[in-house]
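Summary of the model geometry
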Amino acid sequence: MKRVVVGLSGGVDSSVAAYLLMEQGYEVIGLFMKNWHDDSVTISDECPWLEDSNDALLVAEKLGIPFQTVDLSEQYKERIVDYMFNEYEKGRTPNPDVLCNREIKFDVFMKIALSLGADYVATGHYCRKDTITQNGKEVHRLLAGVDANKDQSYFLCQLSQEQLSKALFPIGELTKPQVREIAAKMELVTAEKKDSQGLCFIGKVRLPEFLQQQLQPKEGTIYEVNAQSDAYKTEKPVFASVKEQLAFEAKNIAYTPDMGKVVGRHQGAHYYTIGQRKGLNVGGTKEPLFIIATDVASNAIYTGQGHSHPGLFRKALFIQESEIHWVREDLALKDGETMDVMVRIRYRQPLQKATLHKFDNGMYISFEQPQSAITEGQFAAWHVNDELIGSGVIS
């Protein structure tokens, strides 16, 4: 009998995942991860992890499976929180959920599970895995969840073949309503529980305040750049190579104060991200202001009016060599090769038609349609049909 450790988060998805594995004849153990100690930055008075671990315990009792809590807050702080601060300080916008899966759930947590004699680790993600044989070797494929509305394959875009080989995603074939229905039928305490938002396992954290604890506020200027600005009228140069053209299309415009007019003050460019419109506190414009660029070095924020402002759009992006990750190592491109794929640059974005161009120093992704708010530090994930085959950090 194969043994599976389920990461019980206290939510409905992982509860049903545990139940389905029992139905399939696995020996199931429930583990709750505690990743956070500092309650001073969580929004509500209720302590989310206490409530969640209690719900996880009740589910385990109901299902009659062994349960324990593991404290991973030290590793979480080291691998996720410190990384986030580091990225924000550089003016990049990290994605903690993607990292949490790569570094915590399918690494630290997985090692604990394997030490308990588990054959697999299971989570309540809406995605699927299948295994094919190629040249006599097992290859694991990461597939989108059947519920298109809830597909979470994006959050697993950094997993390796080794991690996938030991992963199970029991609810990937189901839709959210079906999952809730099973939970209700089994009378699981989590059946009606709202979906969790916010950083994985931290609960609802006020990000600016969370960041302000480490990053000192410093006042700076907010500029507004007109959509008719000369910055957007540059002549397209004649390119000597495809690589040169891609570099041009992926390059950020280097804004300077003289390109815009002063419209307000802010508390620190490192708190803001491209495409953001909330939290600027600048009124009186015909259309809402969106951030088109932040300059951490000069502590300036550049904005433009409306979500179709030209400053928001780019046709290509670049991923450095060291930050390219292939889930399907057998499909990895070599220098000079290209591949037509579907790409998303943030969770929940509909897939976009694009081409990968691999060079010695990294990879360009060029899009059929210009993309809004391509954000440094976020992950771009590329798909062929419903399979996620690779990802990388936007640079």
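Thresholds applied
Residues numbered from 1 in each chain as written. Predicted model: local features only at pLDDT ≥ 70, side-chain atom pairs only at ≥ 80, totals over all residues. Heavy atoms only, no water. Pairing = 2+ DSSP bridges. Helix = DSSP H or I, 4+ residues; strand = E, 2+ residues; numbered from the N terminus. Contact = heavy atoms within 4.5 Å. Axes fitted to C-alpha atoms, helices over the stretch in contact; angles between N-to-C directions. Buried < 20%, exposed > 50% of the residue type's maximum accessible area, 1.4 Å probe, protein only. Expected span 1.5 Å × (residues − 1). Bend = angle between axes of the 7 residues up to and from the residue. 1 Å grid on protein atoms, 1.4 Å probe; cavity = no way out; pocket = protein on both sides within 12 Å on 5 of 7 lines; lining within 4 Å. Points joined across faces, edges and corners; volume = space filled by probe spheres on them. Nonpolar A, V, L, I, M, F, W, Y, C, P; charged D, E, K, R; others polar. Salt bridge = Lys/Arg side-chain N within 4 Å of Asp/Glu carboxyl O. Phe/Tyr/Trp six-rings, centres within 6.5 Å; stacked < 30°, edge-to-face > 60°. Right-handed = clockwise from strand over helix to strand, strands pointing away. Polar contact = N/O pair within 3.5 Å; in protein donor to acceptor, adjacent residues only side chain to side chain. Core = buried A, V, L, I, M, F, W, Y, C linked by side-chain atoms within 4.5 Å.

**Regarding the sheet that holds strand S4 (residues 120–122)**
- Sheet architecture is open: five strands sit in the order S3-S2-S1-S4-S7, paired in parallel fashion. Whereas interior strands pair on both sides, the edge strands pair on one side only; in this sheet they are strand S3 (67–71) and strand S7 (167–168).
- Pairing between strand S1 (residues 3–7) and strand S2 (residues 27–34): five bridges, direction parallel. When the bridges of S2 are listed, Val 5 appears paired with Ile 29.
- Its contacts with the sheet place helix H1 (residues 12–23) against S1, S2, S4 and S7, and it is angled at close to 170° to S1.

**Here we look at unusual backbone geometry**
- Here the phi dihedral of Asn 135 falls at roughly 50°; this positive angle occurs in a residue that is not glycine.
- Topologically, Asn 135 is positioned in the loop between strand S5 (127–134) and strand S6 (137–144).
- With relative accessibility at 85%, the residue Asn 135 sits in the exposed group.

**Observations concerning helix H3 (residues 73–89)**
- The first and last C-alpha atoms of H3 sit 22 Å apart over 17 residues, in line with the 24 Å expected at 1.5 Å per residue.
- Remark: the principal bend of H3, roughly 25°, maps to Val 81.
- The set of residues buried in H3 consists of Ser 73, Tyr 76, Ile 80, Val 81, Met 84, Phe 85, Glu 87 and Tyr 88.
- Among the residues trailing H3, Gly 91 stands out with phi positive, at a value near 80°.

**Looking at the layout of surface pockets**
- Of the pockets and cavities examined, the second largest pocket occupies roughly 940 Å³.
- Along the walls of the second largest pocket sit 36 residues, with Lys 251, Asn 252, Ile 253, Phe 313 and Arg 314 positioned nearest its centre.
- Of all elements in the fold, only helix H8 (242–250), strand S10 (289–295) and strand S12 (313–320) reach the threshold of two or more residues within the lining of the second largest pocket.
- Top element by residues in the lining of the second largest pocket is S10. It accounts for four residues.
- Of the residues belonging to the lining of the second largest pocket, the class tally is 18 nonpolar, eight polar and 10 charged.

**Here we look at the pairing of strand S18 (residues 387–393)**
- Along S18, seven of the seven residues are buried, which leaves the element largely enclosed by surrounding structure.
- Where strand S13 (residues 324–326) lies against S18, three bridges are found, and the strand directions are antiparallel. The residue of S18 that forms the bridge with His 325 is Ser 391.
- Taking the residues that link successive antiparallel strands as the turn, the strand S17 (residues 379–384)-S18 hairpin has two residues, and the phi of Asn 385 there is positive, at about 55°.

**Things to note about the pattern of salt bridges**
- Per the counting criterion, the structure on display carries 23 salt bridges.
- A salt bridge links Arg 92 to Glu 87, with the nearest nitrogen and oxygen atoms 3.0 Å apart.
- For Arg 92, a relative accessible area of 12% gives the class buried.
- For Glu 87, a relative accessible area of 3% gives the class buried.
- Across the pair Lys 111 and Asp 107 runs a salt bridge, and its minimum N-O distance is 2.5 Å. On the criterion of helical spacing, the pair formed by Lys 111 and Asp 107 is a turn pair, its members being four residues apart in helix H4 (residues 96–115).
- Using a relative accessible area of 17% as the deciding quantity, one classes Asp 107 as buried.
- Each of Arg 79, Arg 102, Glu 103, Asp 107 and Lys 111 takes part in salt bridges that share partners, so that together they form one network.

**What to know about the packing of aromatic side chains**
- Counted under the stated rule, the structure contains 11 aromatic pairs.
- Members of the aromatic cluster, connected to one another through ring pairs, are Tyr 223, Tyr 232, Tyr 255 and Tyr 302.

**Considering the sheet that holds S10**
- Strand order in the open sheet made by the four strands is S9-S8-S11-S10, with mixed pairing throughout. Edge positions in the sheet fall to strand S9 (261–266) and S10, since each of these pairs with one other strand and no more. With strand direction ignored, the average angle separating the axes of adjacent strands in the sheet is 30°.
- In this structure, strand S8 (residues 220–224) lies alongside strand S11 (residues 300–305), joined through four bridges in parallel fashion.

**Comments concerning the pairing of S2**
- With seven of its eight residues buried, S2 lies for the most part within the structure.
- Running through H1, the crossover from S1 to the neighbouring parallel element S2 is right-handed.
- The pairing of S2 with S3 spans five bridges and is parallel. From the neighbouring strand, Leu 31 faces S3, where its bridge partner is Gln 68.

**Observations concerning the side chain of Glu 103**
- The topology assignment puts Glu 103 in helix H4.
- Residue Glu 103 is classed as buried on the basis of its relative accessible area, which comes to 16%.
- Within the structure, the side chain of Glu 103 is placed 3.0 Å from the side chain of Arg 102, a separation counted as a polar contact.
- When neighbours within four sequence positions are excluded, Glu 103 is seen to be in contact with Arg 79, Ile 80 and Val 108.

**Considerations on the nonpolar core**
- Core analysis: the biggest nonpolar cluster contains 49 residues, and Ile 104, Phe 106, Phe 109, Leu 142 and Phe 169 have the highest contact counts within it.
- Residue assignment for this core shows that the elements contributing at least two residues are S2, H3, H4, S10, S17 and S18.
- Of all the elements, H4 adds the most residues to this core, at nine residues.
- When near neighbours in sequence (up to four residues on either side) are disregarded, Phe 109 contacts Val 5, Val 6, Gly 7, Leu 31, Met 33, Val 70, Leu 72, Ile 104 and Val 121.

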